Structure formats: structure tokens, C-alpha cells
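# Structural features, examined
Read off the chains here:
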Amino acid sequence: MNVRRAELMISCARPAQFPVTDLPEIAFLGRSNVGKSSLLNALAQRKALARTSSTPGKTRLIHFFDVVRGSREIILVDLPGYGFAKVPERERRSWQRLVESYLENRPPLKAAVLLQDIRRDFSEDETLLLDWLAERGVQTLVAITKCDKLKPMRRKERIRQLKKQIAKPPGGFVATSAGKKIGVEDLWRALHEMILSSQDDDVL
Ligand code: GTP
Ligand code: MG
């Protein structure tokens with residue numbers, strides 16, 4: 001399905017700058033360099049909407065992207081990555097505060113996508129984050145990224161291993177490659193399902 005419009009709404013360094021909207025919002029979380037900005041570009045069918053880089057720690061602000069796909073309009077939110085050792089402690093803490101204040105108090109937030117590189121095992125960072133999101137009632141799915149880096153047999157084996165490492169997230173797992181556009185439509189479908197089920201929760 002075609003993305004009719006995709007544009008950067010605003011980049012925020014402080015919670016006071018978060019846009020006031022009631023469109024459903026999806027947040028992208030994960031280790032620095034895992035491929036958040038790249039996957040967001042693949043979803044938005046744009047090459048360089050979100051800035052990507054082989055240098056970890058590229059995304060330092062919270063970027064809000066307004067995306068119209070078919071008849072639906074949603075906001076995709078690119079969050080700064082964690083786990084990048086070269087960032088000074090003070091700066092790291094300030095990103096963490098910014099991300100937490102976003103995740104803790106953001107009524108339009110309908111779901112989160114936690115990204116995990118297919119070549120790495122889940123670490124405590126991811127399991128703590130998944131628990132933290134569950135405690136706050138944020139529905140989450142895990143997108144396994146950079147699947148093109150492995151040959152099909154090895155890819156299947158790694159996906160099986162990763163699924164065994166954590167409890168099944170509410171939105172399940174989606175195997176993706178932003179580079180080779182694998183799993184992008186599956187991810188859209190899974191995102192819409194999470195948005196719809198969170199609307200059911202609102203009604204109850
Ligand atoms: P931060 O903004 O630093 O947190 O990183 P990020 O998670 O936004 O990662 P980004 O999308 O910038 O990608 C990091 C690097 O991984 C870039 O060099 C991308 O080209 C590469 N990359 C991202 N997705 C894929 C993919 O699906 N396949 C391959 N082969 N490389 C990818
Ligand atoms: Mg990024």
C-alpha cells in the first residue's frame with residue numbers, strides 16, 4: 001500500500017516541545033545502530049526521511065514523523081538509541097530522561113516497536129525495557145532487524161533462538177530488513193493490529 005505523505009513534524013530536545021495531537025503514535029526503541037531510523041524510512045517508503053548513519057548515536061532528539069498510508073494517518077516516533085558507550089554519562093542520562101518522560105506520559109502512544117539486531121542476543125537492556133513497557137501498559141512488538149545480513153538457513157535458526165530468549169511480546173515478532181525491504185508490510189499489519197486493539201482497550 002502506498003504512503004501518500006511522510007514528513008518530519010518536529011524534533012524535540014525537551015518534553016515541552018512534544019507536539020499536541022490525537023493521532024495514534026508508534027515509538028521505535030532499541031540499541032544505538034540497531035536500525036531504527038532505517039526501518040522507519042522503509043515503513044514510510046522514503047530514502048532519507050529519518051537520518052541514518054553507520055556512526056552509532058546519530059539520533060539524539062525525539063523525531064516525530066507524520067505518515068499517511070492509504071486512508072490512515074499515524075505518527076512514527078524515532079527515539080535516541082541506548083547502549084552506546086562513547087556517549088558521555090551526562091548526555092546519556094539526559095537522553096534517558098527525555099525518552100522516559102515521553103514513554104511515561106504520552107496519551108497518543110498506542111504501541112512501541114523494540115528493535116533487535118538478528119546477529120545479537122537479547123541483553124538485559126532489552127529485557128528490562130520490555131518489562132518496563134509492560135508495567136506501563138505500552139503494547140510492544142519486537143522487530144528483528146538486518147535479516148539480510150544472514151543467509152536464509154542461518155536467519156531461520158537465529159530467529160528461532162531469539163524467540164526462545166524472551167517471553168513472547170504482546171505484538172509478537174516480525175523479521176525485517178530495511179535494506180532489502182523484508183517484512184515491511186508484515187510490520188505495518190502488526191502495527192495496525194496493535195493500534196486497533198489499544199482502541200478496544202480505550203472503549204472498555
Ligand atoms: P541511532 O540513531 O544511532 O540510534 O541508530 P539507528 O538505530 O537509527 O540505526 P540506523 O538506522 O541509523 O542504522 C545504523 C546502520 O545500520 C546504518 O549503517 C544502516 O545502513 C545499517 N542498517 C540499518 N538497517 C539495515 C538493514 O536492514 N540491513 C543492513 N545490511 N544494514 C542496515
Ligand atoms: Mg537513528
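For the structure, see preceding data.
Within each chain, residues carry numbers counting from 1 in the order of the written sequence. Chain letters and ligand numbers both follow the written order, the letters beginning at A and the numbers at 1. With the structure being a predicted model, the display of local features is reserved for residues of pLDDT at least 70 and the display and counting of side-chain atom pairs for 80 or more, all residues being used for whole-chain, interface and lining totals. The basis for every side-chain value is the complete set of heavy atoms in the structure, and neither hydrogens nor water enter the calculation.

Centre distance within 6.5 Å is the pairing criterion for rings of Phe, Tyr and Trp, where only the six-membered ring of Trp is used; planes under 30 degrees apart are then read as stacked, over 60 as edge-to-face, and the remainder as tilted. Within this structure, the stated rule accounts for three aromatic pairs. Aromatic side chains Phe18 and Phe64 sit 5.8 Å apart centroid to centroid with 50 degrees between the ring planes, which places their arrangement in the tilted category. With Phe18 in the loop between strand S1 (3–12) and strand S2 (25–30) and Phe64 in strand S3 (residues 62–69), this residue pair connects regions lying 46 residues apart in the sequence. Here Phe18 and Phe64 have matching classes, each one buried. Strands here mean DSSP runs of E at least two residues long; helices mean DSSP runs of H or I at least four residues long; both are numbered from the N terminus. Type-normalised accessible area, obtained with a 1.4 Å probe on protein chains alone, sets the label of each residue: buried when under 20%, exposed when over 50%, and partly exposed for intermediate values.

Let us look at the layout of surface pockets. Computed from the structure, the largest pocket encloses a volume of approximately 490 Å³. In terms of lining, the largest pocket is formed by 17 residues, of which the most central are Tyr82, Gln96, Glu100, Asp125 and Leu129. Mapped onto the lining of the largest pocket, the elements with two or more residues apiece are helix H2 (89–104) and helix H3 (124–135). Here the element with the most residues in the lining of the largest pocket is H2; it accounts for eight residues. Looking at the lining of the largest pocket, its residues break down into nine nonpolar, three polar and five charged. Of the grid points, spaced at 1 Å and generated over the protein atoms alone, those admitting a 1.4 Å probe that cannot get out make up cavities, while open sets with protein on both sides within 12 Å along at least five of seven lines make up pockets; any residue with an atom within 4 Å of a point is treated as lining. Grid points are joined across faces, edges and corners, and a volume is the space filled by probe spheres set on the points. Any residue outside Ala, Val, Leu, Ile, Met, Phe, Trp, Tyr, Cys, Pro, Asp, Glu, Lys and Arg is labelled polar, Gly included; the first ten of those are nonpolar and the last four are charged.

As a further point, take the sheet that holds strand S5 (residues 109–117). Strand pairing in a sheet takes place through backbone hydrogen bonds and is either antiparallel or parallel in direction. Spatial ordering of the open sheet is given by S1-S3-S4-S2-S5-S6-S7, a layout of seven strands whose pairing is mixed. At either end of the open sheet lies a strand with only one pairing partner, and these are S1 and strand S7 (173–175). Sheet twist, expressed as the average angle between the axes of neighbouring strands with direction ignored, equals 25 degrees. Two residues form a contact once any of their heavy atoms are found within 4.5 Å. Working convention: axes come from line fits to C-alpha atoms, limited for helices to the stretch in contact. Angles between N-to-C directions cover 0 to 180 degrees. Most of the contacts of H2 go to S2, to which it runs at about 145 degrees, and overall it touches S1, S2, S3, strand S4 (72–78) and S5. Strand pairing is assigned whenever DSSP detects at least two bridges linking the two strands.

To continue, consider the environment of Glu91. Looking at the element boundaries, Glu91 is found in helix H2. Through-space distance from the C-alpha of Glu91 to that of Arg60 is 9.5 Å; in sequence the pair is 31 residues apart.

Let us look at empty space enclosed by the protein. A complete count under the given rule lists one cavity of 30 Å³ or more for this structure. Approximately 30 Å³ is the volume found for the largest cavity. Lining the largest cavity are Arg31, Val34, Leu115, Gln116, Asp117, Arg120 and Glu126. Sort the elements by how many residues they give to the lining of the largest cavity and S5 lands first, with three residues. In terms of residue class, the lining of the largest cavity is made up of two nonpolar, one polar and four charged.

Quick look at the nonpolar core now. Nine residue types can take part in a nonpolar core, namely buried Ala, Val, Leu, Ile, Met, Phe, Trp, Tyr and Cys, and a core is a set of them joined through side-chain atoms within 4.5 Å. Leu29, Leu79, Tyr102 and Leu103 are the most contacted members of the largest nonpolar core, which totals 31 residues. The set of elements that each furnish at least two residues to this core consists of S2, S3, S4, H2, S5, H3, strand S6 (139–145) and helix H4 (152–165). Core analysis: the next-biggest nonpolar cluster, separate from the first, contains 30 residues, Leu39, Leu43, Leu141 and Ala143 among them.

Another aspect to go through is the pattern of salt bridges. A side chain of one charge can pair with a side chain of the opposite charge when the charged atoms of the two come close. Take a side-chain nitrogen of Lys or Arg and a carboxyl oxygen of Asp or Glu: if they are within 4 Å of each other, that pair is a salt bridge. For the structure shown, the criterion picks out 15 salt bridges. Residue Arg154 pairs with Glu157 through a salt bridge whose shortest N-O separation is 3.2 Å. Of this pair, Arg154 and Glu157 both sit in helix H4, separated by three residues, roughly a single helical turn. Relative accessible area serves as the criterion here: at 34%, Glu157 is assigned to the partly exposed category. A cluster of three or more residues bridged by salt bridges with shared partners is formed by Arg5, Glu7, Asp66 and Glu73.

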